[in-house]
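Overview (structure and organization)
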Amino acid sequence: MCGRTACSLGADNLRRACAYRDRGGRRRQPEWIQAERYRPSYNKGPQSSGPVLLSRRHLQQDADSSERVLMDMRWGLIPSWFKKDDPSKMQFNTSNCRSDTMLKKSSYKGALLKGKRCVVLADGFYEWQQHSGGKQPYFIYFPQTKDAEAEGKEGDEEWRGWRLLTMAGIFDCWEPPAGGEMLYTYTIITVDASKDVSFIHHRQCWALAPTVLSLRMPAILDGDEAIRKWLDFAEVPTQEAVKLIQPTENIVFHPVSTFVNSVRNNTPECLAPIKLGATKEVKATPSNKVMLGWLKNSQEGSPQKKENDLPRWTSQFIHSPSPKKTSAGILQQWLGKEGEPATKKRKA
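This is a predicted model, so every value here is computed, not measured. (Residues numbered from 1 in each chain as written. Predicted model: local features only at pLDDT ≥ 70, side-chain atom pairs only at ≥ 80, totals over all residues. Heavy atoms only, no water.)

Some remarks on the overall build of the chain
Looking only at helices and strands, one finds 8 helices and 15 strands in the chain. Taking all 348 residues of the chain together, 53% fall into the buried category. On the chain, roughly 15700 Å² of surface is accessible, and the fraction owed to carbon and sulfur atoms is 48%. (Helix = DSSP H or I, 4+ residues; strand = E, 2+ residues; numbered from the N terminus. Buried < 20%, exposed > 50% of the residue type's maximum accessible area, 1.4 Å probe, protein only. Areas by Shrake-Rupley, 256 points an atom, 1.4 Å probe, with all protein chains shown as cover.)

Description of the sheet that holds strand β1 (residues 5-7)
Spatial ordering of the open sheet is given by β5-β1-β10-β11-β15, a layout of 5 strands whose pairing is antiparallel. Because the sheet does not close on itself, it has two edges, and the strands there are β5 (41-44) and β15 (252-255). Strand-to-strand, the axes of this sheet are offset by a mean angle of 30°, without reference to chain direction. Across 7 bridges, the pairing between strand β10 (residues 124-131) and strand β11 (residues 134-141) is antiparallel. Within β11, the residue paired with Phe-125 across the bridge is Ile-140. (Pairing = 2+ DSSP bridges. Axes fitted to C-alpha atoms, helices over the stretch in contact; angles between N-to-C directions.)

Description of the confidence of the model for the chain
When pLDDT is averaged across the chain, the result is 80; 71% of the residues are at 70 or more. Ranking the elements of the chain by mean pLDDT puts helix α8 (residues 342-345) last, at 35, and strand β9 (residues 117-122) first, at 98. Confidence drops under pLDDT 50 across residues 300-309; counting only partners more than four residues distant or on other chains, this segment forms 26 contacts. (pLDDT = per-residue confidence, 0-100. Contact = heavy atoms within 4.5 Å.)

Quick word on helix α3 (residues 224-231)
Residues of α3 that are buried: Ala-226, Ile-227, Trp-230 and Leu-231. The buried residues of α3 all sit within an arc of 125° when viewed along its axis, so they share a single face. (Arc of directions from axis to C-beta.)

Focus: the pairing of strand β12 (residues 165-174)
Within β12, 10 of the 10 residues are buried, which leaves it mostly tucked inside the rest of the structure. Residues of β12 alternate between two faces, with Leu-165, Met-167, Gly-169, Phe-171 and Cys-173 on one and Thr-166, Ala-168, Ile-170, Asp-172 and Trp-174 on the opposite face, all of them buried. Where β9 and β12 come together, 6 bridges link them in antiparallel fashion. Bridged to Arg-117 within β12 is Ile-170. In the sheet, β12 pairs with strand β13 (residues 183-192) via 6 bridges, with the strands oriented antiparallel.

Some points on the packing of aromatic side chains
Counted according to the given criterion, the structure contains 9 aromatic pairs. Look at Tyr-141 and Trp-162: their rings are 5.4 Å apart centre to centre, the planes differ by 40°, and that puts the pair in the tilted class. One end of the pair, Tyr-141, is in strand β11; the other, Trp-162, is in the loop between β11 and β12, and 21 residues separate them in sequence. Residue classification places Trp-162 among the buried residues on the basis of a relative accessible area of 0%. Taking the ring centre of Trp-230 as reference, the NZ or CZ of Arg-117 above it sits at 5.4 Å. Positioned over the ring face of Phe-142 is Arg-163, at 3.7 Å from the centre of the ring. (Phe/Tyr/Trp six-rings, centres within 6.5 Å; stacked < 30°, edge-to-face > 60°. Lys NZ or Arg CZ within 6 Å of the ring centre and 35° of its normal.)

Concerning helix α2 (residues 106-113)
In an α-helix, one turn spans 3.6 residues; hence positions three or four apart end up facing the same way. Within α2 the residues assigned to the buried category are Ser-107, Tyr-108, Ala-111 and Leu-112. What you see down the axis of α2 is that its buried residues fit within an arc of 100°, all on one side. For α2, the elements touching its buried residues are β8 (96-98), β9, β12, β13, α3 and α4 (238-241). Downstream of α2 by one or two residues, Gly-115 has phi in the positive range, about 80°.

In structure tokens, the structure reads:
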């Protein structure tokens, strides 16, 4: 299941990373709806808010259903029919929705049949492996190209920064019985875990009790065509869209520090790769090298990082790059140049 994610891009770069072609073939960036509410984070848990893509027609009835917008929604779906005055009184955990029951359970069925489909955006997500010594966290994400840049360059036609993980979700809009501001919430659809993720053999939904184990992972939409079909509810009916909900093998992962175990920890070391030891060393892949580079560079003089005041490194958790460049090398470059933490480079 999926109980923790990271999404560290600032609002402007998030738009650029979500560029798409509309029905007419024009390249566009989704418009933010209340961008000021969005806060980047290296460690998002249920009940926090996060960025999602949805069709503009959900908000504007005469809009082209292929047009996309970005919204910051709360993680954990509150159905529109929920009658209590406080969403925290929801008795069920709705942060994840099983693909095999989403058309049966009342919490999700109504919204799904009304076309309330969204794409949940993240750098990647965390899962924990149970072993005799406790739980080892891993960060899971799309493979990255070797030439991926920290944030891409302004004016580039194509986004060349981090490729965001795009997860299928369902959203709904709840209005307090006594009136007030509408609350938009979402759930992440889960499927059977792919073979690649089966290495993390005791996956656990962090938001649930420690005894609840599940061999599931988020439903990942791989490529813009899959995203288009999932979002365009006016052109793609529910029964056709749900065929997109399948496990994917196109992911990579690396171990990270148990620092991420506490959702209150929100700094780059949450997703920085670590070495587990010679017997469990992570094999070298281009994606980890991209991620490390992305994490490092994004902490150095990034305008949108200053604007959103992202947490920075804490000295006791600074990881040196492995001499054997693991698949985390790209991530290390993102964290900072030459393995030097940004906190040492920036003046107060």
